[in-house]
Amino acid sequence: MTKISTRSTTDLLTHIGIMLGLVAVLFLGFFFLYLPFTTHHGQTITVPDLSRMNTSELEDFLSDHDLRFEVEDSTYVAGAEPLTVVSQYPKPGFKVKEGRKIYITITTENPPMIPMPKLVDQTYVSAQYALSSNGLQMGKLKYVPDLAQGTVLQQLYEGKEILPGTRIAKGSKIDIVVGDGLGNTMFAVPDVVGKPRDEAEMLIRGSNLQVGTILPVEDPEKEVGTVVRQNPAARPGATIRVGDVIDLWVVGPVENDDTQEE
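Cut-offs and rules
Residues numbered from 1 in each chain as written. Predicted model: local features only at pLDDT ≥ 70, side-chain atom pairs only at ≥ 80, totals over all residues. Heavy atoms only, no water. Helix = DSSP H or I, 4+ residues; strand = E, 2+ residues; numbered from the N terminus. Buried < 20%, exposed > 50% of the residue type's maximum accessible area, 1.4 Å probe, protein only. Contact = heavy atoms within 4.5 Å. Areas by Shrake-Rupley, 256 points an atom, 1.4 Å probe, with all protein chains shown as cover. Salt bridge = Lys/Arg side-chain N within 4 Å of Asp/Glu carboxyl O. Core = buried A, V, L, I, M, F, W, Y, C linked by side-chain atoms within 4.5 Å.

## Quick word on the overall build of the chain
Helix and strand counts for the chain stand at 4 helices and 16 strands. Across the 262 residues in the chain, those meeting the buried criterion constitute 27%. Long-range pairs, those at least 24 residues apart, make up 73% of the contacts in the chain between residues at least 6 apart in sequence. Total accessible area on the chain stands at roughly 17,400 Å², and carbon and sulfur atoms take up 55% of it.

## A short note on the pattern of salt bridges
Applying the stated criterion to the full structure yields 6 salt bridges. The closest approach of N and O atoms between E70 and K101, which form a salt bridge, is 3.0 Å. Taken together, the residues span a long stretch of sequence, with E70 in strand β2 (residues 68-75) and K101 in strand β5 (residues 101-107) at a distance of 31 residues. R205 is the salt-bridge partner of E201, the closest N and O atoms lying 3.4 Å from each other. With E201 and R205 both in helix α4 (residues 197-206) and 4 residues apart, the pair spans about one turn of that helix. The class for E201 is buried, based on a relative accessible area of 5%.

## Let's talk about the nonpolar core
As a rule of thumb, soluble globular proteins bury nonpolar side chains together. Ranked by internal contacts, the top residues of the largest apolar core, which has 13 residues, are M116, L119, L136, I168 and I174. Sorting the residues of this core by element identifies α3 (124-133) and β11 (173-179) as the ones contributing at least two each. With residues near it in sequence (within four places) discarded, I174 still touches M116, L119, L131, L136, Q137, M138, G139, K140, Q155, L156, Y157 and I168.

Keep in mind that these numbers describe shape and distance, not what the molecule does.
Laid out in structure tokens, this is it:
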């Protein structure tokens, strides 16, 4: 039987050790050197703020930061420069890897056309909300004599009346005409001095006027509840407008009147 020399056994073990050592080096090098290098392990970039930047300058700017971009959506923003960034993802300040793609939304060059809402017969506050929710802007506000106080009487675009449903560019300014609560009809001031308070108030309201402040006065020669003075006074030639207010001075204590208009 042939015997294996001690020297041969030592050489074999040496070769096996060298092979195992090479495998270990390759293993450690792959996971701790190659993979971290190719995947940029541990290397992050802070996402910059791209808002209001034009798309023409984005590519060079992001390339300098080892990032890329892709336009995900577009929208119209009144007053904003076309083709500028209005939103982005990831948001500014986020930490990302090199080469990460930033998704952006930009402004369009031309505004979309939308239907004009109905503002007439709505209150001024409701009209403001309707314009804002439809992407339109409030233009000039004009008050005119009309008993419909605070109510929209006309809706105008570029000086001309615009009907509900008319297609109009988003972001356009709409002028509105609102009633001031007063009519434009002028007539002689009614004379209620010397009349009982209830009769005077009935006459004032029947003339499309408002009863203002009721002030108590003392006059022992006049019956309690008699109107002894009014403002404005019913002088010759004095006129008043529909919806105006007349204040009264009445003899005796003045009781609260829930029907009194302010």
